[in-house]
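Working through the structure, step by step
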Amino acid sequence: MALRAAVAWLHAEAETMNDPKARAILNSAAHGLGVVARQSKQRAGGDTPDP
């Protein structure tokens, strides 16, 4: 749940940025965290989608 909150926070921060490169960096970081979270969940055997 903490990773999900971090991803949401990064996306929210990206929305406040005026610089398109800054937005892209934050959105890329959020995507990367989401990928790591998904891979961890799958390795742990919890590959069913969250509600």
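What this report covers is the structure whose coordinates are included nearby.

Quick notes on the rules
- Residues take numbers from 1 onward in each chain, read along the sequence in its written order.
- In keeping with the model being predicted, local features are shown solely for residues with a pLDDT of at least 70 and side-chain atom pairs are shown and tallied solely at 80 or more, while totals for entire chains, interfaces and linings include all residues.
- The side-chain quantities take in all heavy atoms of the structure and omit both hydrogens and water.
- Going along the chain from the N terminus, every DSSP run of H or I of four or more residues is numbered as a helix, and every run of E of two or more is numbered as a strand.
- The buried label goes to any residue with under 20% of its type's maximum accessible area, the exposed label to any with over 50%, and the partly exposed label to all in between, with areas taken from a 1.4 Å probe on protein chains only.
- The method behind every accessible area is Shrake-Rupley, applied with a 1.4 Å probe, and residues are considered shielded solely by the protein chains displayed.
- The criterion is simple. A nonpolar core is a set of buried Ala, Val, Leu, Ile, Met, Phe, Trp, Tyr and Cys residues joined through side-chain atoms within 4.5 Å.
- Expected span of a helix, by definition, is 1.5 Å for each gap between consecutive residues, and there is one gap fewer than residues.
- What the arc covers is the set of directions going from the helix axis to the C-beta atoms.
- Here, residues are in contact when the closest pair of their heavy atoms is within 4.5 Å.
- Lines are fitted to the C-alpha atoms to define the axes, a helix being fitted only along its stretch in contact, and any angle between axes, read from their N-to-C directions, falls within 0 to 180 degrees.
- When describing relative orientation, an angle under 35 degrees is termed roughly parallel and one over 145 degrees roughly antiparallel, while 65 to 115 degrees is termed roughly perpendicular and anything else oblique.
- Crossing chirality is assigned from the near helix's rotation relative to the far helix, an anticlockwise turn below a right angle marking it left-handed and a clockwise turn marking it right-handed.
- Charged residues are taken to be Asp, Glu, Lys and Arg, nonpolar residues to be Ala, Val, Leu, Ile, Met, Phe, Trp, Tyr, Cys and Pro, and polar residues to be all remaining types, Gly included.

Here we look at the overall build of the protein
Of the regular secondary structure elements, the protein holds two helices and zero strands. Across the 51 residues that make up the protein, the buried fraction comes to 10%. Of the roughly 4100 Å² that the protein leaves accessible, carbon and sulfur atoms contribute 62%.

Observations regarding the nonpolar core
Soluble globular proteins: nonpolar side chains tend toward being buried together. Val7, Leu10, Ala14, Leu26 and Ala30 together form the largest nonpolar core, which totals five residues. Mapped by element, the contributors of at least two residues to this core are α1 (2-16) and α2 (20-43). A total of three residues in this core trace back to one element, the largest contributor, which is α1.

Things to note about α1
Helix length check: α1, at 15 residues, gives a terminal C-alpha distance of 21 Å against a target of 21 Å (1.5 Å per residue), a fit within 8%. The complete set of buried residues in α1 reads Val7, Leu10 and Ala14. Taken down its axis, α1 places every buried residue within 60° of arc, on the same side. Seen from the open side of α1, the exposed residues pointing more than 90 degrees away from its buried face are Ala2, Arg4, Trp9, Glu15 and Thr16. Contacts from the buried residues of α1 go to α2.

Section: the packing of α1 against α2
Interhelical geometry of α1 versus α2 gives an angle of 165° and a closest axis separation of 8 Å. On the basis of the axis angle, α1 is roughly antiparallel to α2. As for the relative orientation of α1 and α2, their crossing is left-handed in sense. Along the contact surface, α1 presents Leu3, Ala6, Val7, Leu10, His11, Glu13 and Ala14, while α2 presents Arg23, Leu26, Asn27, Ala29, Ala30, Leu33, Gly34 and Ala37. Here the contact of α1 with α2 is composed, by residue class, of 10 nonpolar, three polar and two charged.

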